[in-house]
Amino acid sequence: MAPVCMAKLGARLFVLFLCLTIHAGMLQFAAASIQGYFGDIDMTCPSVCRCDEDFIYCNDRGLSSIPSLPPSASVLYLQNNHINNPGLPTSLERHLSVRVVYLYDNELDEFPMHLPPSVRELHLQDNNIRTIPRTTLARMPLLEKLHLDDNSISTVSIEDQAFADNPRLRLLFLSRNHLSSIPSGLPASLEELRLDDNRISTIPTHAFRGLNSLRCLVLDGNLLANQRIADDTFSRLSNLTELSLVRNSLQTPPVNLPSAHLQRLSLQDNALTHMPRGSLDGMHRLQRLDLSGNNLTTLPRGLFKDLDSLGQLLVRGNPWHCGCNLRWLYDWLRARGNTITVRGLTCHGPDRVRDLALIDLGSEMEECEVVRLTGTKDKGAVGGVESSTTNAPPQGSLFTLRSKRPGFGFPDSGLDYTLSSSGVGKSLALNVKPLSHNSIRVTWSAAQPSSSFRLSWLRQGTGNAMESITETLVRGDRQEYLLTSLQPRSSYIICMVPLAVSSESKSTVSGDADSDEALVCAKAETSDLSSSEEEVDEDSRQITSLPLAGIIGGATATVSLALIFGVFCWYGHRTGHLCSRDHYTRSSSRKSKTYDDYIESGTKKDNTILEIRGPGFQMTPMPACPPMQPKPLREDYIIHTIFPSNGTGLYKGSNHVSNAGHGTNRGYREGGIPDIDYCYT
């Protein structure tokens with residue numbers, strides 16, 4: 001039995017050895033296959049980078065291309081280099097484990113290609129990318145966050161439906177580019193959109209259509225104004241939680257803001273002068289409201305009635321007028337206590353409470369209660385009754401309100417009387433005058449002082465159809481108002497009614513019983529746009545022709561004066577020359593000559609010879625003749641020989657000529673100067 005058992009044991013060992021050999025061969029084959037699949041991919045960390053497991057740090061290395069990466073890389077830090085589009089290798093597409101790529105602050109001119117299809121977050125800010133092609137974005141169907149800040153992208157350079165193949169895109173940053181409008185074709189999955197510091201000036205109705213998942217919208221630093229924002233632009237964003245409109249040109253908050261889920265509303269650094277009553281209605285979840293850096297002086301009563309969750313109110317940089325108009329806000333803040341943080345609610349007027357916080361005006365606000373109960377009015381005190389709790393909006397800013405007051409309406413257009421450009425009532429005279437194709441000037445005169453006026457206007461449509469009434473409140477101390485942004489070639493009915501302050505500190509129509517009698521209306525029609533332009537062109541031509549005529553006239557007068565002056569000077573010069581010549585020939589006295597003697601003789605007079613470098617001659621006049629002796633016809637001159645100071649003379653001969661008849665040698669004998677140095681001409 002023993003040999004049989006040994007044979008069986010040997011056979012089993014042989015089979016086991018054979019299995020181990022086959023398994024080892026399979027492992028070697030698998031390793032070779034893996035090496036052939038990855039090809040040139042380096043299994044180790046690049047020498048110029050630093051690796052921490054699957055995080056590859058190649059930033060700030062001065063790279064111009066992406067080095068070979070290990071297959072386990074999931075987060076690539078490639079920012080702050082000199083990588084351009086040719087520096088992206090095609091092998092990068094095979095790194096299917098890459099999730100995040102940082103390529104900001106490089107030298108990319110186009111949207112990068114050959115990125116792995118597994119990328120979910122891509123940072124491309126601070127490059128020079130100009131276009132967003134759809135085909136390149138379609139290579140990354142899993143993309144969720146795309147940062148394209150600080151590039152050169154314009155609205156027309158975004159391909160139509162560029163984001164159609166990115167159904168998971170939740171965050172899109174396009175700040176500080178060259179956009180002039182909201183990009184079209186944004187994916188419905190978008191939750192955060194940043195378009196700040198662009199050139200967007202208009203937002204149409206369909207701009208945010210389909211973006212029901214959008215929660216954060218930032219439009220800071222654009223060119224937005226109320227007249228260029230459609231009324232229902234933001235109402236479609238039902239799930240919006242944060243809206244930022246900082247550094248624009250808004251005069252009032254946009255109408256129909258989403259109120260159901262809004263938590264943060266930023267309106268600072270605009271041109272806000274008026275907060276319409278009801279503009280914040282329904283915002284029960286609003287936590288932060290920023291109205292800093294505007295021109296607000298007051299807020300209407302009940303503006304914060306639905307702000308139950310408000311925890312931060314930032315209103316610094318506004319000229320707040322802390323009168324009785326803000327008594328309601330004082331009470332509201334005291335009721336909220338420590339549940340709300342207020343910054344910047346400092347009084348700018350009246351002078352009595354300047355630079356004081358509204359919450360600290362306890363005694364002053366108590367005076368408002370006394371005034372309300374007694375019905376007295378003291379304009380000099382802080383507790384003086386204010387005519388309105390809101391400022392009148394600036395001229396030209398329109399906010400439409402449907403008239404729902406039964407006692408205040410416009411005249412029936414179907415009556416048989418016609419309105420003129422002026423209207424006179426029992427206590428008010430109204431006059432309107434069209435100024436251009438889109439503006440009308442309204443002036444009025446009241447018989448009695450009024451706290452404010454309600455000015456309303458509407459445009460007449462075809463067939464006596466009436467459009468919506470637009471109205472505003474005007475302070476009582478004003479006597480004119482300018483309506484702008486009107487429709488050309490349209491008829492407008494403009495009505496005004498004086499308001500008075502009742503004992504309840506509310507503005508009411510003077511005499512509610514006869515409000516129809518207090519209402520004064522007039523009619524005006526704006527001109528045609530083409531005729532207005534022709535008038536402007538004609539006026540400009542007249543204005544430009546006036547300076548041209550003045551220039552031509554001035555040039556003509558200048559030339560004429562120059563000619564006259566030239567003739568006069570020529571005549572004077574000619575006359576003076578003749579007179580002086582005649583005077584020179586006929587004068588009996590030598591002292592009366594007008595010309596210099598030395599100039600007449602052709603020699604320049606020089607009595608102060610400082611240095612003589614060579615021999616020469618000087619001509620001097622002979623002594624004057626006796627007074628009674630007639631003047632000879634010719635003048636005699638003496639030629640003096642001028643000798644230099646170094647002892648050299650005109651004659652250097654050894655023989656010296658002397659002539660006793662003409663005096664001594666004048667002290668020049670030692671220098672070889674002849675004694676005869678006087679010569680008569």
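Residues numbered from 1 in each chain as written. Predicted model: local features only at pLDDT ≥ 70, side-chain atom pairs only at ≥ 80, totals over all residues. Heavy atoms only, no water.

In the annotation of an unreviewed UniProt entry, the protein is listed under the name Fibronectin type-III domain-containing protein and assigned to Poecilia mexicana.

Caption draft 1: Examining a nonpolar patch on the surface more closely. A grouping of Met6, Leu9, Leu13, Leu16 and Leu20 is seen on the molecular surface, where their side chains present a nonpolar patch of about 530 Å² in accessible area. Mapped onto the secondary structure, Met6 falls in helix α1 (residues 2-38). The exposure class of Met6 is exposed, given its relative accessible area of 58%. (Patch = residues over 30% accessible without salt bridge, like charges linked within 9 Å, V, L, I, M, F, W, Y side chains within 5 Å. Areas by Shrake-Rupley, 256 points an atom, 1.4 Å probe, with all protein chains shown as cover. Salt bridge = Lys/Arg side-chain N within 4 Å of Asp/Glu carboxyl O. Helix = DSSP H or I, 4+ residues; strand = E, 2+ residues; numbered from the N terminus. Buried < 20%, exposed > 50% of the residue type's maximum accessible area, 1.4 Å probe, protein only.)

Caption draft 2: Representation of the UniProt feature "transmembrane region" (unreviewed entry) in the protein within the structure. Residues annotated by UniProt as "transmembrane region" (unreviewed entry) correspond here to residues 548-571. In this annotation, residues 548-571 is assigned 100% helix and 0% strand; the end-to-end C-alpha distance for the span is 35 Å. (UniProt positions renumbered as here; feature names shortened; annotations may be inferred.)

Caption draft 3: Molecular detail of the pattern of salt bridges. Per the stated rule, a full pass over the model turns up 16 salt bridges. A salt bridge links Asp196 to Arg176, with the nearest nitrogen and oxygen atoms 3.8 Å apart. On the criterion of sequence distance, the pair formed by Asp196 in the loop between β8 (192-194) and β9 (216-218) and Arg176 in the loop between β7 (171-173) and β8 is long-range, its members being 20 residues apart. The class of Asp196 is buried, set by a relative accessible area of 5%. Between Arg194 and Asp196 there is a salt bridge, with the nearest N and O atoms lying 3.8 Å from each other. Put simply, Asp150, Arg176, Arg194 and Asp196 are held in one network by salt bridges that share partners.

Caption draft 4: View of the environment of Thr131. Inspection of the secondary structure assignment puts Thr131 in the loop between β5 (121-123) and α2 (134-138). Expressed as a C-alpha distance, the spacing of Thr131 and Val156, which sit 25 residues apart in the sequence, is 8.6 Å. Non-local contacts of Thr131, meaning those with residues more than four positions away in its chain, are made with Glu110, Phe111 and Ser157. Engagement of the side chain of Thr131 in a polar contact is seen with the side chain of Glu110, the distance being 3.1 Å. (Contact = heavy atoms within 4.5 Å. Polar contact = N/O pair within 3.5 Å; in protein donor to acceptor, adjacent residues only side chain to side chain.)

Caption draft 5: Spotlight on the confidence of the model for the protein. Per-residue confidence for the protein gives a mean pLDDT of 75; residues scoring 70 or more make up 66%. Low pLDDT, under 50, characterises residues 32-42; the predicted model gives this stretch ten contacts beyond four residues in sequence or across chains. In this model residues 373-381 is a low-confidence stretch, pLDDT under 50, and it forms six contacts with partners more than four residues away in sequence or in other chains. (pLDDT = per-residue confidence, 0-100.)

Caption draft 6: Main features of the packing of aromatic side chains. Enumeration according to the criterion identifies seven aromatic pairs in this entry. Consider the rings of Phe304 and Trp328, whose centres lie 5.8 Å apart with planes at 65°: the pair is edge-to-face. Of the two residues, Phe304 sits in the loop between β12 (288-290) and β13 (312-314) while Trp328 sits in helix α3 (residues 327-336), which places them 24 residues apart along the sequence. By relative accessible area, Phe304 is classed as buried at 2%. An angle of 55° between the planes, with centres 5.2 Å apart, marks the rings of Phe304 and Trp332 as tilted. One end of the pair, Phe304, is in the loop between β12 and β13; the other, Trp332, is in helix α3, and 28 residues separate them in sequence. Ring pairing ties together the aromatic residues Tyr57, Tyr77, Tyr102 and Tyr104, which thus form one cluster. The ring of Phe173 has Arg194 sitting right over it, with the charged end atom 5.5 Å from the ring centre. (Phe/Tyr/Trp six-rings, centres within 6.5 Å; stacked < 30°, edge-to-face > 60°. Lys NZ or Arg CZ within 6 Å of the ring centre and 35° of its normal.)

Caption draft 7: Local environment of the nonpolar core. Membership of the largest hydrophobic core comes to 93 residues, with the highest contact counts inside it found for Phe208, Phe234 and Phe304. Residue assignment for this core shows that the elements contributing at least two residues are α3 and α4 (362-374). Per element, the largest residue contribution to this core is five residues, and it comes from α3. Setting aside residues no more than four positions away along its own chain, Phe234 makes contact with Ile203, Phe208, Leu217, Leu219, Ile229, Leu243, Leu245, Pro254, Asn256, Leu257 and Pro258. Counting residues in hydrophobic clusters, the runner-up holds 19 residues, among them Leu428, Trp457, Tyr492 and Ile494. (Core = buried A, V, L, I, M, F, W, Y, C linked by side-chain atoms within 4.5 Å.)

Caption draft 8: A look at the state of the cysteines. One pass over the full model with this rule turns up four disulfides. There is a disulfide in this structure between Cys49 and Cys58, and the S-S distance comes to 1.9 Å. Classification of the bridge connecting Cys49 and Cys58 rests on its S-S torsion, roughly 115°, and on that basis the disulfide is right-handed. Judged by relative accessible area, Cys49 falls into the buried class, the value being 10%. (Disulfide = S-S within 2.5 Å.)

Caption draft 9: Region of the structure containing the side chain of Asn270. Tracing the backbone shows Asn270 in the loop between β11 (264-266) and β12. Classification of Asn270 as buried rests on a relative accessible area of 11%. At 3.1 Å, the side chain of Asn270 forms a polar contact with the backbone oxygen of Leu267. Not counting chain neighbours up to four residues away, the residues in contact with Asn270 comprise Leu245, Val246, Arg247, Asn248, Ser249, Leu250, Gly293 and Asn294.

Caption draft 10: Seen up close, the pairing of strand β19 (residues 439-446). Pairing geometry for strand β18 (residues 428-436) and β19, over eight bridges, is antiparallel. Its bridge partner being in β19, Ser436 is matched across the sheet by Ser439. The antiparallel pairing of β18 with β19 creates a hairpin that spans two residues between the two strands. In this sheet, strand β22 (residues 480-483) lies alongside β19 in antiparallel orientation, the contact comprising four bridges. Bridge pairing in β22 links Arg441 to Leu482. (Pairing = 2+ DSSP bridges.)

Caption draft 11: Structural view of α3. Counted residue by residue, α3 has seven buried out of ten residues, so it is predominantly covered. Along α3, the residues that are buried comprise Arg327, Trp328, Leu329, Tyr330, Trp332, Leu333 and Arg336. Positive phi shows up at Gly337, right after α3, with a value of about 65°.

Caption draft 12: Molecular detail of the side chain of Arg288. Mapped onto the elements, Arg288 comes out in strand β12. Given a relative accessible area of 18%, Arg288 falls into the buried group. Here the side chain of Arg288 touches Gln312 through a polar contact of 3.1 Å, side chain to side chain. Apart from residues lying up to four places away in sequence, Arg288 is in contact with Gln263, Arg264, Leu265, Ser266, Leu310, Gln312 and Leu314.

Caption draft 13: Just the environment of Arg228, in detail. Secondary-structure assignment places Arg228 in the loop between β9 and β10 (242-244). Overall, the relative accessible area of 48% leaves Arg228 in the partly exposed class. A C-alpha to C-alpha distance of 5.0 Å links Arg228 and Thr202, two positions 26 residues apart in sequence. Those residues in contact with Arg228, other than ones at most four positions away along the chain, are Ser201, Thr202 and Ile203.

Caption draft 14: Broad picture of unusual backbone geometry. That bond from Gly349 to Pro350 is cis: its omega, -5°, falls within 30 degrees of zero. Counting through the fold element by element, Pro350 comes out in the loop between β16 (347-349) and α4. Backbone geometry at Asp60 places phi at a positive 55°, although glycine is not the residue there. Position of Asp60 relative to the elements: it lies in the loop between β2 (55-57) and β3 (75-77). Phi at Asp197 is positive, roughly 55°, even though this residue is not glycine.

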